Amino acid sequence: VKLKELSKFSVVTGATDGIGKAYAFALAKKGLNILLISRSREKLIAVATEIQNIHRVSTEFVQVDFTIYDNTTYSPIAEKLSSLDIGVLVNNVGMSYSYPEYLHDVPNKEKLFLNIINCNIGSVTQMTQLVIPSMLSKGRGVIINVSSTAALIPSPLLTVYAASKAYTEKFSRDLADEYRHKGLVIQCVSPGYVATKMSKIRRPSLMAPDAKKYVDSALKKVGVTESTTGYFPHSILVGPYSKKPLTF
Ligand SMILES: NC(=O)c1ccc[n+]([C@@H]2O[C@H](COP(=O)([O-])OP(=O)(O)OC[C@H]3O[C@@H](n4cnc5c(N)ncnc54)[C@H](OP(=O)(O)O)[C@@H]3O)[C@@H](O)[C@H]2O)c1
(Lines give C-alpha, C1' and ligand atoms only; values in the text may rest on other atoms or scores of the structure.)
Protein backbone atom coordinates (compact mmCIF):
# COMPACT_ATOMS: atom_id res chain seq x y z
CA VAL A 1 0.00 0.00 0.00
CA LYS A 2 1.37 3.39 -0.97
CA LEU A 3 0.32 5.25 2.15
CA LYS A 4 1.19 8.69 0.78
CA GLU A 5 -1.27 8.23 -2.09
CA LEU A 6 -4.21 7.47 0.20
CA SER A 7 -4.82 11.02 1.40
CA LYS A 8 -3.19 14.08 2.92
CA PHE A 9 -3.56 13.21 6.61
CA SER A 10 -3.06 10.31 8.94
CA VAL A 11 -4.26 10.20 12.54
CA VAL A 12 -2.48 8.49 15.43
CA THR A 13 -3.90 8.01 18.93
CA GLY A 14 -1.49 7.94 21.87
CA ALA A 15 0.93 9.78 19.59
CA THR A 16 3.21 11.50 22.08
CA ASP A 17 5.24 8.55 23.29
CA GLY A 18 6.43 5.05 22.50
CA ILE A 19 4.90 3.15 19.60
CA GLY A 20 2.36 5.85 18.69
CA LYS A 21 5.03 8.53 18.47
CA ALA A 22 7.12 6.22 16.29
CA TYR A 23 4.12 5.65 13.96
CA ALA A 24 3.57 9.42 13.76
CA PHE A 25 7.22 10.02 12.80
CA ALA A 26 7.30 7.12 10.33
CA LEU A 27 4.13 8.30 8.55
CA ALA A 28 5.39 11.89 8.49
CA LYS A 29 8.63 10.63 6.95
CA LYS A 30 6.52 9.17 4.14
CA GLY A 31 5.12 12.68 3.56
CA LEU A 32 1.77 12.38 5.32
CA ASN A 33 0.47 15.22 7.48
CA ILE A 34 -0.29 14.05 10.99
CA LEU A 35 -3.18 14.54 13.40
CA LEU A 36 -1.87 13.66 16.85
CA ILE A 37 -4.33 12.67 19.58
CA SER A 38 -3.16 12.24 23.15
CA ARG A 39 -3.61 13.35 26.74
CA SER A 40 -0.87 15.90 27.57
CA ARG A 41 -1.01 19.25 25.79
CA GLU A 42 2.67 20.08 26.36
CA LYS A 43 3.77 16.77 24.88
CA LEU A 44 1.40 17.22 21.92
CA ILE A 45 2.86 20.64 21.16
CA ALA A 46 6.42 19.33 21.53
CA VAL A 47 5.90 16.28 19.28
CA ALA A 48 3.91 18.26 16.68
CA THR A 49 6.70 20.85 16.47
CA GLU A 50 9.40 18.19 16.27
CA ILE A 51 7.59 16.40 13.41
CA GLN A 52 7.06 19.66 11.49
CA ASN A 53 10.70 20.64 11.88
CA ILE A 54 12.15 17.28 10.91
CA HIS A 55 9.76 16.11 8.19
CA ARG A 56 8.29 19.39 6.86
CA VAL A 57 4.68 18.19 7.00
CA SER A 58 1.65 19.82 8.65
CA THR A 59 0.54 18.69 12.07
CA GLU A 60 -2.66 19.15 14.04
CA PHE A 61 -3.55 17.86 17.45
CA VAL A 62 -6.51 17.14 19.72
CA GLN A 63 -6.01 16.80 23.45
CA VAL A 64 -8.33 14.22 25.02
CA ASP A 65 -8.33 11.59 27.73
CA PHE A 66 -9.54 8.30 26.27
CA THR A 67 -10.41 6.92 29.70
CA ILE A 68 -13.43 9.25 29.45
CA TYR A 69 -15.90 7.55 27.13
CA ASP A 70 -18.38 10.26 26.19
CA ASN A 71 -18.98 13.26 23.95
CA THR A 72 -16.41 15.42 25.73
CA THR A 73 -13.81 13.09 24.23
CA TYR A 74 -15.28 12.18 20.85
CA SER A 75 -17.03 15.43 19.77
CA PRO A 76 -13.78 17.45 19.48
CA ILE A 77 -12.19 14.54 17.62
CA ALA A 78 -15.16 14.24 15.23
CA GLU A 79 -15.07 17.99 14.60
CA LYS A 80 -11.36 17.95 13.78
CA LEU A 81 -11.67 14.84 11.59
CA SER A 82 -14.47 16.44 9.56
CA SER A 83 -12.09 19.15 8.36
CA LEU A 84 -9.28 16.79 7.32
CA ASP A 85 -8.78 14.27 4.52
CA ILE A 86 -7.85 11.17 6.56
CA GLY A 87 -6.39 8.15 4.78
CA VAL A 88 -4.64 6.34 7.63
CA LEU A 89 -5.80 5.77 11.20
CA VAL A 90 -3.49 4.21 13.77
CA ASN A 91 -5.48 3.11 16.82
CA ASN A 92 -2.48 2.89 19.11
CA VAL A 93 -3.50 4.35 22.46
CA GLY A 94 -3.54 1.82 25.27
CA MET A 95 -2.93 1.39 28.97
CA SER A 96 -2.22 -1.53 31.26
CA TYR A 97 -1.70 -2.35 34.94
CA SER A 98 1.23 -0.74 36.76
CA TYR A 99 2.48 -4.27 37.46
CA PRO A 100 1.12 -7.85 37.00
CA GLU A 101 -1.31 -8.79 39.77
CA TYR A 102 -4.13 -11.15 40.72
CA LEU A 103 -7.44 -9.69 39.59
CA HIS A 104 -8.81 -9.25 43.11
CA ASP A 105 -5.60 -7.59 44.37
CA VAL A 106 -5.19 -4.94 41.65
CA PRO A 107 -5.02 -1.52 43.36
CA ASN A 108 -8.02 0.75 42.56
CA LYS A 109 -9.35 -2.07 40.44
CA GLU A 110 -12.88 -0.73 39.79
CA LYS A 111 -11.51 2.51 38.35
CA LEU A 112 -8.52 0.96 36.60
CA PHE A 113 -10.54 -1.75 34.84
CA LEU A 114 -13.06 0.81 33.56
CA ASN A 115 -10.21 3.04 32.37
CA ILE A 116 -8.57 0.14 30.52
CA ILE A 117 -11.85 -0.82 28.87
CA ASN A 118 -12.64 2.77 27.83
CA CYS A 119 -9.12 3.51 26.63
CA ASN A 120 -8.23 0.21 24.95
CA ILE A 121 -11.64 -0.93 23.67
CA GLY A 122 -13.69 2.27 23.53
CA SER A 123 -11.13 4.29 21.59
CA VAL A 124 -10.56 1.66 18.90
CA THR A 125 -14.30 1.27 18.37
CA GLN A 126 -15.19 4.95 18.29
CA MET A 127 -12.18 6.16 16.29
CA THR A 128 -12.84 3.47 13.70
CA GLN A 129 -16.50 4.28 13.23
CA LEU A 130 -15.60 7.99 12.99
CA VAL A 131 -13.16 7.59 10.07
CA ILE A 132 -14.83 4.81 8.08
CA PRO A 133 -17.55 6.88 6.31
CA SER A 134 -15.05 9.23 4.64
CA MET A 135 -12.71 6.34 3.78
CA LEU A 136 -15.65 4.52 2.17
CA SER A 137 -16.60 7.58 0.15
CA LYS A 138 -13.08 7.54 -1.34
CA GLY A 139 -12.96 3.76 -1.67
CA ARG A 140 -9.63 3.60 0.14
CA GLY A 141 -8.07 3.87 3.57
CA VAL A 142 -5.90 2.04 6.08
CA ILE A 143 -6.73 1.35 9.72
CA ILE A 144 -3.97 -0.09 11.91
CA ASN A 145 -5.16 -1.39 15.28
CA VAL A 146 -2.45 -1.99 17.87
CA SER A 147 -3.24 -5.07 19.95
CA SER A 148 -0.64 -7.13 21.84
CA THR A 149 0.81 -10.62 21.96
CA ALA A 150 -0.92 -10.66 25.38
CA ALA A 151 -4.11 -11.23 23.38
CA LEU A 152 -2.66 -14.33 21.77
CA ILE A 153 -0.64 -16.07 24.48
CA PRO A 154 -1.52 -16.93 28.09
CA SER A 155 -1.39 -13.72 30.16
CA PRO A 156 -2.35 -14.44 33.76
CA LEU A 157 -2.03 -11.47 36.15
CA LEU A 158 -2.75 -9.07 33.27
CA THR A 159 -6.16 -10.46 32.46
CA VAL A 160 -8.17 -7.28 31.87
CA TYR A 161 -5.42 -5.78 29.72
CA ALA A 162 -4.98 -9.01 27.73
CA ALA A 163 -8.73 -9.42 27.24
CA SER A 164 -9.05 -5.81 26.06
CA LYS A 165 -6.41 -6.55 23.44
CA ALA A 166 -8.25 -9.73 22.41
CA TYR A 167 -11.20 -7.44 21.62
CA THR A 168 -8.93 -5.49 19.26
CA GLU A 169 -7.85 -8.73 17.53
CA LYS A 170 -11.39 -9.98 16.99
CA PHE A 171 -12.75 -6.55 16.05
CA SER A 172 -9.97 -6.12 13.48
CA ARG A 173 -10.31 -9.57 11.89
CA ASP A 174 -14.07 -9.25 11.41
CA LEU A 175 -13.82 -5.63 10.32
CA ALA A 176 -11.26 -6.63 7.69
CA ASP A 177 -13.78 -9.14 6.30
CA GLU A 178 -16.49 -6.47 6.34
CA TYR A 179 -14.56 -3.79 4.45
CA ARG A 180 -11.86 -5.56 2.38
CA HIS A 181 -14.00 -5.60 -0.75
CA LYS A 182 -14.78 -1.90 -0.27
CA GLY A 183 -11.11 -0.96 -0.62
CA LEU A 184 -10.18 -0.58 3.04
CA VAL A 185 -7.15 -2.24 4.63
CA ILE A 186 -7.72 -3.14 8.27
CA GLN A 187 -4.64 -4.48 10.01
CA CYS A 188 -4.19 -5.77 13.54
CA VAL A 189 -0.65 -5.42 14.88
CA SER A 190 0.18 -7.42 18.00
CA PRO A 191 3.58 -6.49 19.44
CA GLY A 192 5.46 -8.39 22.08
CA TYR A 193 7.63 -6.29 24.38
CA VAL A 194 8.79 -2.96 22.96
CA ALA A 195 11.09 -0.71 25.02
CA THR A 196 8.69 2.09 26.02
CA LYS A 197 7.31 3.73 29.15
CA MET A 198 4.47 1.24 29.29
CA SER A 199 6.72 -1.83 29.28
CA LYS A 200 9.21 -0.08 31.61
CA ILE A 201 12.01 -1.62 29.54
CA ARG A 202 14.75 0.97 29.22
CA ARG A 203 17.38 -0.90 27.25
CA PRO A 204 16.22 -2.20 23.84
CA SER A 205 17.17 -5.76 22.88
CA LEU A 206 16.40 -8.23 20.12
CA MET A 207 13.19 -9.36 21.84
CA ALA A 208 12.25 -5.84 23.02
CA PRO A 209 13.25 -3.40 20.27
CA ASP A 210 12.88 0.35 20.58
CA ALA A 211 9.66 1.82 19.20
CA LYS A 212 11.25 3.09 15.97
CA LYS A 213 12.76 -0.27 15.11
CA TYR A 214 9.45 -1.97 15.90
CA VAL A 215 7.33 0.42 13.82
CA ASP A 216 9.74 0.42 10.85
CA SER A 217 9.32 -3.36 10.80
CA ALA A 218 5.54 -3.35 11.35
CA LEU A 219 4.83 -0.74 8.67
CA LYS A 220 6.36 -3.01 6.03
CA LYS A 221 3.47 -5.42 6.67
CA VAL A 222 0.66 -2.97 5.87
CA GLY A 223 -1.24 -4.36 2.88
CA VAL A 224 0.74 -7.60 3.13
CA THR A 225 -0.94 -9.25 6.11
CA GLU A 226 -4.05 -8.31 8.07
CA SER A 227 -2.86 -9.80 11.36
CA THR A 228 0.78 -9.67 12.41
CA THR A 229 3.10 -9.31 15.36
CA GLY A 230 4.85 -6.77 13.16
CA TYR A 231 8.30 -7.98 14.18
CA PHE A 232 9.73 -11.43 13.50
CA PRO A 233 11.20 -12.18 16.98
CA HIS A 234 7.74 -11.54 18.47
CA SER A 235 6.26 -14.19 16.17
CA ILE A 236 8.49 -16.73 17.91
CA LEU A 237 6.64 -15.95 21.16
CA VAL A 238 3.23 -16.48 19.59
CA GLY A 239 4.18 -19.43 17.39
CA PRO A 240 3.42 -22.28 19.80
CA TYR A 241 -0.04 -20.86 20.51
CA SER A 242 -1.06 -19.70 17.05
CA LYS A 243 -2.67 -22.88 15.74
CA LYS A 244 -4.06 -24.38 18.94
CA PRO A 245 -7.14 -26.37 17.91
CA LEU A 246 -10.41 -25.77 19.75
CA THR A 247 -11.49 -28.78 21.81
CA PHE A 248 -14.91 -29.89 22.94
N1 LIG B 1 5.30 -1.36 24.92
C2 LIG B 1 5.00 -2.65 24.81
O3 LIG B 1 5.77 -3.54 25.22
C4 LIG B 1 3.71 -3.04 24.16
C5 LIG B 1 3.49 -4.40 23.89
C6 LIG B 1 2.31 -4.80 23.29
C7 LIG B 1 1.36 -3.85 22.96
N8 LIG B 1 1.57 -2.54 23.24
C9 LIG B 1 0.52 -1.59 22.89
O10 LIG B 1 1.08 -0.55 22.13
C11 LIG B 1 0.35 0.64 22.36
C12 LIG B 1 1.31 1.76 22.72
O13 LIG B 1 2.02 1.38 23.87
P14 LIG B 1 3.36 2.13 24.32
O15 LIG B 1 4.18 1.12 25.00
O16 LIG B 1 3.91 2.91 23.19
O17 LIG B 1 2.76 3.13 25.43
P18 LIG B 1 3.41 4.43 26.10
O19 LIG B 1 4.85 4.54 25.81
O20 LIG B 1 2.94 4.40 27.50
O21 LIG B 1 2.68 5.63 25.32
C22 LIG B 1 1.30 5.77 25.44
C23 LIG B 1 0.80 6.96 24.64
O24 LIG B 1 -0.62 7.01 24.79
C25 LIG B 1 -1.01 8.23 25.42
N26 LIG B 1 -2.06 7.94 26.38
C27 LIG B 1 -2.01 7.08 27.43
N28 LIG B 1 -3.18 7.08 28.07
C29 LIG B 1 -3.97 7.96 27.42
C30 LIG B 1 -5.30 8.40 27.62
N31 LIG B 1 -6.04 7.96 28.64
N32 LIG B 1 -5.83 9.30 26.77
C33 LIG B 1 -5.08 9.79 25.75
N34 LIG B 1 -3.82 9.40 25.51
C35 LIG B 1 -3.28 8.51 26.35
C36 LIG B 1 0.22 8.72 26.11
O37 LIG B 1 0.12 10.10 26.28
P38 LIG B 1 0.65 10.83 27.59
O39 LIG B 1 2.12 10.70 27.50
O40 LIG B 1 0.15 12.20 27.52
O41 LIG B 1 0.11 10.04 28.76
C42 LIG B 1 1.32 8.29 25.14
O43 LIG B 1 1.37 9.17 24.05
C44 LIG B 1 -0.66 0.32 23.46
O45 LIG B 1 -1.92 0.06 22.89
C46 LIG B 1 -0.10 -0.92 24.09
O47 LIG B 1 -1.10 -1.72 24.69
C48 LIG B 1 2.73 -2.11 23.84
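See the structure above.
A brief structural summary. Quick caveat: nothing in here was measured; it's all calculated off a predicted structure. (Residues numbered from 1 in each chain as written. Predicted model: local features only at pLDDT ≥ 70, side-chain atom pairs only at ≥ 80, totals over all residues. Heavy atoms only, no water.)

**Comments concerning a nonpolar patch on the surface**
At step 1: Taken together, the side chains of Leu206, Met207 and Leu237 make up a nonpolar region of the molecular surface, amounting to roughly 260 Å² of accessible area.
At step 2: For Met207, the position within the fold is in the loop between strand 6 (184-189) and helix 6 (211-219).
At step 3: Note on Met207: relative accessible area 34%, which makes it partly exposed. (Patch = residues over 30% accessible without salt bridge, like charges linked within 9 Å, V, L, I, M, F, W, Y side chains within 5 Å. Areas by Shrake-Rupley, 256 points an atom, 1.4 Å probe, with all protein chains shown as cover. Salt bridge = Lys/Arg side-chain N within 4 Å of Asp/Glu carboxyl O. Helix = DSSP H or I, 4+ residues; strand = E, 2+ residues; numbered from the N terminus. Buried < 20%, exposed > 50% of the residue type's maximum accessible area, 1.4 Å probe, protein only.)

**Structural notes on the layout of surface pockets**
At step 1: The computed volume of the largest pocket comes to approximately 1300 Å³.
At step 2: Lining the largest pocket are 46 residues, with Gly94, Met95, Ser96, Met198 and Ser199 positioned closest to its centre.
At step 3: For the lining of the largest pocket, the elements supplying multiple residues, two or more each, are helix 1 (18-29), helix 4 (109-138) and helix 5 (159-179).
At step 4: The dominant element in the lining of the largest pocket, judged by the number of residues it contributes, is helix 1, at 3 residues.
At step 5: Looking at side-chain class alone, the lining of the largest pocket contains 21 nonpolar, 18 polar and 7 charged residues. (1 Å grid on protein atoms, 1.4 Å probe; cavity = no way out; pocket = protein on both sides within 12 Å on 5 of 7 lines; lining within 4 Å. Points joined across faces, edges and corners; volume = space filled by probe spheres on them. Nonpolar A, V, L, I, M, F, W, Y, C, P; charged D, E, K, R; others polar.)

**Observations regarding the nonpolar core**
At step 1: Core analysis: the largest hydrophobic core is formed by 38 residues, its most contacted members being Ile37, Phe66, Ile77, Tyr97 and Met127.
At step 2: Per-element accounting of this core gives the leading share, 9 residues, to helix 4.
At step 3: Setting aside residues no more than four positions away along its own chain, Ile37 makes contact with Val11, Val12, Thr13, Gly14, Ala15, Leu44, Val62, Val64, Phe66, Ile77 and Met127. (Core = buried A, V, L, I, M, F, W, Y, C linked by side-chain atoms within 4.5 Å. Contact = heavy atoms within 4.5 Å.)

**Some words on the side chain of Ser190**
At step 1: Take Ser190: it is sitting in the loop between strand 6 and helix 6.
At step 2: Of the polar contacts made by the side chain of Ser190, one reaches the side chain of Glu169; its length is 2.5 Å.
At step 3: Aside from chain neighbours lying at most four places away, what touches Ser190 is Ser147, Ser148, Thr149, Leu152, Glu169, Tyr214, Thr228 and Thr229. (Polar contact = N/O pair within 3.5 Å; in protein donor to acceptor, adjacent residues only side chain to side chain.)

**Remarks on the side chain of Asn91**
At step 1: By secondary structure assignment, the location of Asn91 is in strand 4 (residues 86-91).
At step 2: Of note is the side chain of Asn91, whose polar atom sits 3.1 Å from the side chain of Thr128.
At step 3: Here Asn91 is in contact with Thr13, Ser123, Val124, Met127, Thr128, Ile143, Ile144, Asn145 and Val146, once residues within four sequence places are set aside.

**A short note on the site of the ligand**
At step 1: Close to the ligand lie 30 residues, the nearest being Thr16, Arg39, Ser40, Lys43 and Thr196.
At step 2: Here a nitrogen atom of the ligand sits 2.9 Å away from a polar atom, N or O, in the main chain of Phe66.
At step 3: When atoms are counted within 2 Å of each cavity's grid points, the one that captures over half of the ligand is the largest pocket.
At step 4: Mapped onto the shell around the ligand, the elements with two or more residues apiece are helix 1 and helix 5.
At step 5: Split into classes, the residues belonging to the shell around the ligand amount to 11 nonpolar, 13 polar and 6 charged. (Near = heavy atom within 4 Å. Sits in = over half its atoms within 2 Å of the grid points.)

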